[in-house]
Amino acid sequence: MKLFLSGDVMTGRGIDQILPHPGDPRLYEDGVESALFYVALAARVHGAIPRKADFAYVWGDALEVLDRHAPDARIVDLETSVTRSDARAAGKEIHYRMHPDNVRCLTAARIDCCVLANNHVLDFGREGLLETLDVLAKAGIRTAGAGRDASEAWRPATVGAPGKRRVVVIAAGSDTSGIPASWAAGERRPGVALLEDGGLERIEELARSAKQNGDVVVVSLHWGSNWGYHVPEHQVRAAHRLVRAGADVVHGHSSHHPRPIEVFEGKLVLYGCGDLLNDYEGIGGYEEFRGDLVAMYLAEVAESGELTRLSIAPMRIRRFRLERASRKDAGWLRDVLERESRRFGVAVELGDGPHPELEVHVAGRRGT
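For clarity, every value in this text was computed on a predicted model and none was experimentally measured. (Residues numbered from 1 in each chain as written. Predicted model: local features only at pLDDT ≥ 70, side-chain atom pairs only at ≥ 80, totals over all residues. Heavy atoms only, no water.)

Colleague: Any chance you could explain the overall build of the protein here in plain terms?
Modeller: The helix and strand tally for the protein stands at nine helices and 21 strands. Its C-alpha radius of gyration of 19 Å places the protein within 12% of the 21 Å reference for a compact globule of 368 residues. The dimensions of the protein, computed from C-alpha atoms along their principal axes, are 50 × 50 × 40 Å. When each of the 368 residues of the protein is scored for burial, the buried share is 61%. Counting only contacts in the protein whose residues sit at least 6 apart along the sequence, the fraction spanning at least 24 positions is 70%. As displayed, the protein offers around 14100 Å² of accessible surface, 47% of which is attributable to carbon and sulfur atoms. (Helix = DSSP H or I, 4+ residues; strand = E, 2+ residues; numbered from the N terminus. Rg over C-alpha atoms; globule rule 2.2 N^0.38 Å. Buried < 20%, exposed > 50% of the residue type's maximum accessible area, 1.4 Å probe, protein only. Contact = heavy atoms within 4.5 Å. Areas by Shrake-Rupley, 256 points an atom, 1.4 Å probe, with all protein chains shown as cover.)

Here is the structure:
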């Protein structure tokens, strides 16, 4: 089974403004009143950005990578509300939304499942979440981690690969990523699946149930801070518990840059995938983390659920579009992941060519 996994896909704000159906650009940020500010900022750094670009524009060179690897399931964390709602969440400065008519920017990359258990999916209230769920469903995109009530929020998403096993996606978010406790889904309240208050045990039960059917189980978690490479011990313990309960892949996200990788008992653990798409070009601060350099994770999983191969395609965001990273940039990412993943016994190799991919394996053993 081949999987494409990514961190945060943020198609709101500036990116929404360059797509064919830009929504209301009004923002309520400190000193920023329009999403067009972020378009102008990126253009100032990297050159003019086309207005009303086609839906596939933002994916750029990533589409060729996906075609070449041909994943059976494509799973991303969608950190954007897809809505016309103006009911912005109180107490938040940053709000992301994409106009519903721009949902085709997701179908252009043939995304199968959007994880919604994150700290931006309710940026425009429960009204915005309900519209997000409806728009994605009509587009044929499955969702996990949020719903019209707790039952739906915790319900796994299932991706059926023709002639192969299914991929089951179980998703939840943690308050460590900035999700307000008030966003938790209730018996009759739309919201997200929160990891706190017994969520870990609930995921373990769901993972055990899915494994009884022979499915590939992906547990997708929005957790931790935006910056830094440190993985807290409680996250490591949680990931190990989930693997032992039946998770074949632990898919972590929330950090704006890639974090360490582990192969625990043969199963893949991504502690933080980093952003994949955002409108941050030209924003200063945290330059040492190279937020412009992003990663596409392409994993192959055996029938046993064990990882047989993990390739990482380094990409660079320029003009709100994914471009292949240079060999120099790929080498930088390789060095960082090698350094940070060493504590987990993982090694990272740099491939050949001007735009190489990274190959991840257990230290001292090629392949995985």
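Colleague: What exactly am I supposed to notice about helix 9 (residues 327-341) here?
Modeller: In an α-helix, one turn spans 3.6 residues; hence positions three or four apart end up facing the same way. In this model, helix 9 (15 residues) spans 20 Å end to end at C-alpha, consistent with the 21 Å of a helix rising 1.5 Å per residue. Listed in full, the buried residues belonging to helix 9 are D329, A330, G331, L333, V336, L337, E338, E340 and S341. Next to the buried residues of helix 9 lie strand 15 (261-264), strand 17 (293-301), strand 18 (307-318), strand 20 (346-350) and strand 21 (358-362). (Expected span 1.5 Å × (residues − 1).)

Colleague: Where do I start with the sheet that holds strand 10 (residues 157-160) in this structure?
Modeller: Strand pairs in the sheet, formed through backbone hydrogen bonds, run parallel or antiparallel to each other. Taken together, six strands build an open sheet; the order of strands is 10-11-13-14-16-15 and the sheet is mixed. At either end of the open sheet lies a strand with only one pairing partner, and these are strand 10 and strand 15. Direction aside, the axes of adjacent strands within the sheet are offset by 20° on average. The sheet contact formed by strand 15 and strand 16 (residues 267-270) spans four bridges and is antiparallel. Residue pairing across strands places V263 opposite L268, the latter belonging to strand 16. (Pairing = 2+ DSSP bridges. Axes fitted to C-alpha atoms, helices over the stretch in contact; angles between N-to-C directions.)

Colleague: Even after reading the chapter, I still don't get the pairing of strand 19 (residues 321-324), so can you show me in this structure?
Modeller: Within a regular beta strand, the side chains point alternately toward one face of the sheet and then the other, so they alternate between its two faces. The pairing of strand 18 with strand 19 spans four bridges and is antiparallel. The partner of R318 across the bridge, within strand 19, is R321. Two successive antiparallel strands, strand 18 and strand 19, enclose a turn made up of two residues, where R319 displays a positive phi of approximately 55°.

Colleague: In this structure, what is going on with the nonpolar core? I would like to understand it.
Modeller: Nonpolar side chains tend to gather and get buried jointly when the protein is soluble and globular. One finds W59, L106, C114, M296 and L322 to be the most contacted residues of the largest nonpolar core, which totals 51 residues. When residues of this core are assigned to their parent elements, the largest contribution, four residues, is made by helix 5 (residues 125-138). Residue contacts for M296: discarding those within four places in its chain leaves F4, L5, A62, V65, L66, L276, S311, I312, A313 and M315. Formed by 36 residues, the second largest nonpolar core is a distinct cluster that contains L3, V115, A171 and A295. (Core = buried A, V, L, I, M, F, W, Y, C linked by side-chain atoms within 4.5 Å.)

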